[in-house]
Number of protein chains: 2
Amino acid sequence: MLDDLDRTIIGILVEDARISLKDLANQVGLSSPSTAERLRRLEERKVIRSFTVDVDPVALGYNLTAVVRVRPLPGMLHIVEKLIQETPEITECDKVTGDDCFIGKLQFRTMEQLDMILDRLAERAETNTSIVKSSPVRRRLPPLS
Amino acid sequence: MLDDLDRTIIGILVEDARISLKDLANQVGLSSPSTAERLRRLEERKVIRSFTVDVDPVALGYNLTAVVRVRPLPGMLHIVEKLIQETPEITECDKVTGDDCFIGKLQFRTMEQLDMILDRLAERAETNTSIVKSSPVRRRLPPLS
DNA sequence: ATAGTCCTGTCCAGATCGTCAAGCATGGTG
DNA sequence: CACCATGCTTGACGATCTGGACAGGACTAT
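So, here's what we can say about the structure. (Residues numbered from 1 in each chain as written. Chains lettered and ligands numbered in written order. Predicted model: local features only at pLDDT ≥ 70, side-chain atom pairs only at ≥ 80, totals over all residues. Heavy atoms only, no water.)

**So, the overall build of chain A**
Helix and strand counts for chain A stand at 5 helices and 5 strands. For chain A, the sequential pattern of α-helices and β-strands runs α-α-α-β-β-α-β-β-α-β. Against the globule reference of 15 Å for 145 residues, chain A gives a C-alpha radius of gyration of 20 Å, more extended than a compact globule. Along the first, second and third principal axes, the C-alpha set of chain A runs to 60 × 35 × 25 Å. Across the 145 residues in chain A, those meeting the buried criterion constitute 46%. In chain A, once contacts between residues fewer than 6 apart in sequence are set aside, the share between residues at least 24 apart is 63%. Accessible surface computed for chain A: about 7,300 Å², of which carbon and sulfur atoms make up 50%. (Helix = DSSP H or I, 4+ residues; strand = E, 2+ residues; numbered from the N terminus. Rg over C-alpha atoms; globule rule 2.2 N^0.38 Å. Buried < 20%, exposed > 50% of the residue type's maximum accessible area, 1.4 Å probe, protein only. Contact = heavy atoms within 4.5 Å. Areas by Shrake-Rupley, 256 points an atom, 1.4 Å probe, with all protein chains shown as cover.)

**Description of the packing of aromatic side chains**
As enumerated under the stated definition, the model contains 0 aromatic pairs over all chains in all. Stacked on the ring of Phe51(B), the Lys or Arg Arg18(A) has its end atom at 5.8 Å from the ring centre. (Phe/Tyr/Trp six-rings, centres within 6.5 Å; stacked < 30°, edge-to-face > 60°. Lys NZ or Arg CZ within 6 Å of the ring centre and 35° of its normal.)

**Some details on the pattern of salt bridges**
Residues and elements named next belong to chain A. Considering all chains together, one arrives at 32 salt bridges over all chains under this definition. A salt bridge links Arg45 to Asp6; the shortest N-O distance between them is 3.6 Å. Of the two residues, Arg45 sits in the loop between helix H3 (32-44) and strand S1 (48-55) while Asp6 sits in helix H1 (residues 4-15), which places them 39 residues apart along the sequence. Overall, Arg45 belongs to the partly exposed group, its relative accessible area being 30%. (Salt bridge = Lys/Arg side-chain N within 4 Å of Asp/Glu carboxyl O.)

**Considering the sheet that holds strand S4 (residues 102-108) of chain B**
In spatial order, the strands read S2(A)-S4(A)-S3(A)-S5(B)-S2(B)-S4(B)-S3(B)-S5(A); together these 8 strands close into a barrel with antiparallel pairing. If you compare each strand with its neighbour and ignore which way they point, the axes differ by 35° on average. Sheet topology note: the strand S2 (residues 64-72) of chain B/strand S5 (residues 125-137) of chain B ladder contains 7 bridges and is antiparallel. Bridge pairing in S5(B) places Arg71(B) opposite Glu126(B). Packed onto the sheet, helix H5 (residues 111-122) of chain B meets S2, S4 and S5 of chain B and runs at close to 140° relative to S5(B). (Pairing = 2+ DSSP bridges. Axes fitted to C-alpha atoms, helices over the stretch in contact; angles between N-to-C directions.)

**What about the relation of the copies chain A and chain B?**
Overlaying chain A on chain B yields an RMSD of 0.1 Å, the required transformation being a rotation through 180° with an accompanying axial translation of 0.0 Å. In symmetry terms, the pair is related by a two-fold rotation axis. A shared interface surface links the copies, since 100% of the contact residues of chain A are contact residues in chain B too. (Least-squares fit on C-alpha atoms with pLDDT ≥ 70 in both.)

**Topic: the interface of chain A and chain B**
Across the contact, 64 residues belong to chain A and 64 residues belong to chain B. At the junction of chain A and chain B, the tally comes to 12 salt bridges. Of the charged contacts, one joins Arg49(A) and Asp54(B) as a salt bridge, the two residues approaching to 3.2 Å between their closest N and O atoms. Viewed at the interface, chain B and chain A are joined by 49 residue pairs in polar contact (both at pLDDT 80 or more). When contributions to the side of chain A that touches chain B are tallied by element, the ones reaching two or more residues are H1, S1, strand S2 (64-72), helix H4 (77-85), strand S3 (90-96), strand S4 (102-108) and strand S5 (125-137) of chain A. Partitioning the side of chain A that touches chain B into residue classes produces 33 nonpolar, 11 polar and 20 charged. Bridge count between S3(A) and S5(B): 3 bridges; the pairing is antiparallel. Bridging from a neighbouring strand, Cys93(A) pairs with Val137(B) of S5(B). (Polar contact = N/O pair within 3.5 Å; in protein donor to acceptor, adjacent residues only side chain to side chain. Nonpolar A, V, L, I, M, F, W, Y, C, P; charged D, E, K, R; others polar.)

**Focus: the protein's contact with DNA strand D**
Every residue near DNA strand D is listed here: Ser20(A), Leu21(A), Lys22(A), Pro33(A), Leu30(B), Ser31(B), Pro33(B), Ser34(B), Arg38(B) and Arg41(B). Taking the atoms of DNA strand D that fall within 4 Å of the protein, sugar and phosphate contribute 79% of them. Taking Lys22(A), its main chain carries an N or O atom lying 2.8 Å from a phosphate oxygen of DNA strand D. Here a phosphate oxygen of DNA strand D sits 2.4 Å away from a polar atom, N or O, in the side chain of Ser31(B). (Near = heavy atom within 4 Å.)

Just geometry here; none of it tells us what the structure is for.
Written as structure tokens, this is what we have:
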């Protein structure tokens, strides 16, 4: 399904998605056309979902991050899910097993803003909020093996 | 600090980091050299931390994801932090305020593997694990305004 | 065995792109 | 008013990408 060359390509692109095809080809030991073809197929197969940039939220003015656990009140699950999706400051959210139904990450600028966002949720769910103090593990890939 | 053109550039690159400089320049309404210069400075200022790819973990064989909350036993905080960093299946982890000290995301293939990883942590911390069922909000940027 | 086919690779050439230098417009400042 | 700094454009050249033609190896059916 995914051979060593594909894994090498992915490994390189995770570090630098804007590398030229030529340099990428040199590093994997193929010609550029074949590398281009592999790239095309990795995209086609949705192994690579997208090429993107990692932007520092602080540079956008979001100095604070919180992890919010959300447990909708009875009957409120779908409304709460929609509410979460429509809150743009929630930059990722998973639906999980266990007491909490959703766990999401929230980017914000001030405590007032956090308060406002949580207030909107509080009408329809119990929430539990933890402020992020640091990130011992910054987003990375699991082993490619 | 960051003007409209910069935000436009970021917005476009988040969607497609491999867009050619020329196309990017056309979309923002500048010449390629000025666009290249802005790009260079966005990187230099670390607004853009890196260009990367979004890889589907399932394509790498990681069919399952869990969110793990970790509360180290007394005196174990630093050891636990190190242990988390050295567990490659933990693909992100934040240190947070509140009862839990760490909240991390774990990619794994089988329940046996999950069990093994959690067992290692369990010697030094209480853990609380939620399996991810779906992701109502896939990683996105907060508003650029 | 061998012929056919598919897959994945290479090489080459025309088309496209990135980068550099030079020069112009704008706005702030002595 | 002159000067400088900043940020833009243009044009040219070298580098890169892309599509087509072709080669070799693995698999299959005759």
